[in-house]
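Each chain, written out:
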Amino acid sequence: MGFQQTGIPGLLIYEPKVLGDHRGYFFESYNANTFLEAGIDYKFVQDNQARSSYGVLRGLHYQLEPHAQTKLIRVLEGRILDAVVDMRKDSPTYGQSYTIELSADNKLQLLVPKGFAHGYAVLSETAEVMYKCDDFYNKSCEGGIIYNDPALGIDWGIDLKDAIISEKDLQLPKLADITHNFVF
Ligand SMILES: Cc1cn([C@H]2C[C@H](O)[C@@H](COP(=O)(O)OP(=O)(O)O[C@H]3O[C@H](C)C(=O)[C@H](O)[C@H]3O)O2)c(=O)[nH]c1=O
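Quick summary incoming for the structure in this document. This structure is a prediction, so every number in the text was calculated from the model and none was measured. (Residues numbered from 1 in each chain as written. Predicted model: local features only at pLDDT ≥ 70, side-chain atom pairs only at ≥ 80, totals over all residues. Heavy atoms only, no water.)

Here we come to the environment of Gly115. Of note, Gly115 is situated in the loop between strand E10 (109-112) and strand E11 (116-122). Exposure remark for Gly115: the relative accessible area of 2% places this residue in the buried category. In this structure the C-alpha to C-alpha distance between Gly115 and Tyr25, which are 90 residues apart in sequence, comes to 35 Å. (Helix = DSSP H or I, 4+ residues; strand = E, 2+ residues; numbered from the N terminus. Buried < 20%, exposed > 50% of the residue type's maximum accessible area, 1.4 Å probe, protein only.)

Our next topic: the sheet that holds strand E12 (residues 126-133). Two strands in a sheet stick together by hydrogen bonds in their backbones, pointing the same way (parallel) or opposite ways (antiparallel). One open sheet holds the six strands; their spatial order is E1-E2-E10-E7-E12-E5, and the pairing between them is antiparallel. Strand pairing shows two members of the sheet lacking a second neighbour, strand E1 (2-5) and strand E5 (46-53), which therefore form its edges. Here the strands of the sheet are splayed against their neighbours by 25° on average, with no regard to which way each runs. (Pairing = 2+ DSSP bridges. Axes fitted to C-alpha atoms, helices over the stretch in contact; angles between N-to-C directions.)

On the basis of which strands lie adjacent, the open sheet formed by five strands has the order E9-E8-E11-E6-E13 and antiparallel pairing. Of all the strands in the sheet, the pair left with one neighbour each is strand E9 (97-103) and strand E13 (142-144). Pairs of neighbouring strands in the sheet enclose a mean axial angle of 30°, with direction left out of account. With seven bridges joining them, strand E8 (residues 79-86) and E9 adopt antiparallel strand pairing. Bridge pairing in E9 places Leu81 opposite Glu101.

On to the packing of aromatic side chains, then. If you walk through the whole model with that rule in mind, you get seven aromatic pairs. Ring centres of Tyr14 and Phe35 lie 5.2 Å apart, and the angle between their planes is 55°; on these two criteria the pair is classed as tilted. One end of the pair, Tyr14, is in strand E2 (residues 12-15); the other, Phe35, is in helix H1 (residues 32-37), and 21 residues separate them in sequence. For Tyr14, a relative accessible area of 7% gives the class buried. Between Tyr30 and Phe35, the ring centres sit 5.1 Å apart and the planes meet at 55°, which makes this aromatic pair tilted. On the basis of relative accessible area, Tyr30 is assigned to the partly exposed category, the value being 26%. Among the residues examined, Phe35 registers a relative accessible area of 2% and is labelled buried. Site record: aromatic cluster; members linked through ring pairs are Phe3, Tyr14, Tyr30, Phe35, Tyr42 and Phe44. (Phe/Tyr/Trp six-rings, centres within 6.5 Å; stacked < 30°, edge-to-face > 60°.)

Taken together, Gln46, Asn48, Arg58, His61, Lys71, His118, Tyr120, Tyr131, Tyr137, Glu142 and Lys168 make up the full set of residues near the ligand. The contact in question runs from an oxygen atom of the ligand to an N or O atom on the side chain of Gln46, over 3.0 Å. With respect to the ligand, the side chain of Tyr131 contributes an N or O atom lying 2.8 Å from an oxygen atom. Here the ligand, which alone exposes 650 Å², has 65% of that area covered by the protein. Among the elements of the structure, E5, strand E6 (57-63) and E11 are those that each provide at least two residues to the shell around the ligand. (Near = heavy atom within 4 Å. Polar contact = N/O pair within 3.5 Å; in protein donor to acceptor, adjacent residues only side chain to side chain. Areas by Shrake-Rupley, 256 points an atom, 1.4 Å probe, with all protein chains shown as cover.)

Moving on, we get to the pairing of E12. Among the eight residues in E12, seven count as buried, and that is most of the element. Where strand E7 (residues 71-77) meets E12, six bridges bridge the pair, whose relative direction is antiparallel. Looking across to E12, one finds that Ile73 is bridged to Tyr131.

Okay, structure coming up:
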């Protein structure tokens, strides 16, 4: 319960305190004071929610400054393989990817700071994903990395020949081919 390091600076797993009783359970899915007590101070301004079927793969996406986004991701229904890539040029873990299964059952959340590309693949029949962002959507600041970039070697947990991917995401570049200067 609480926050757990991932080995990548700033990328944290959060496990909420689940209060069960004879009716079911209750937990605070987000409480700013809980984060502040851990020295984590983000001002989330936008909540996103997406529903997908098995095999849908969204990402890997990021937004550049001045609209780079920190995200707090959780799953309301089903299971996903969540994946991030550290794109912070001055980071000791630049170019490293990290994956974790997030699900309605494990109730784990992933706190992804600005400077990461983010994506997920749906492992269950359907999945409902919700995430908080600390900056607003801005299409002109959007960027991304192709999901199967061999340099990242992400195992999405699904058979990629069955993956359901947007045309936009199929056109994304490899990390090595991204020329713009990341400003995070
Ligand atoms: C992200 C976003 C999208 N939209 C609109 C734009 C499109 O008309 C429609 C679907 O957008 P998109 O295909 O970019 O949705 P995803 O592929 O789920 O994108 C997300 O994928 C990965 C997992 C992420 O982490 C990002 O938050 C986000 O890029 O929603 C909005 O109106 N507001 C938004 O904040």
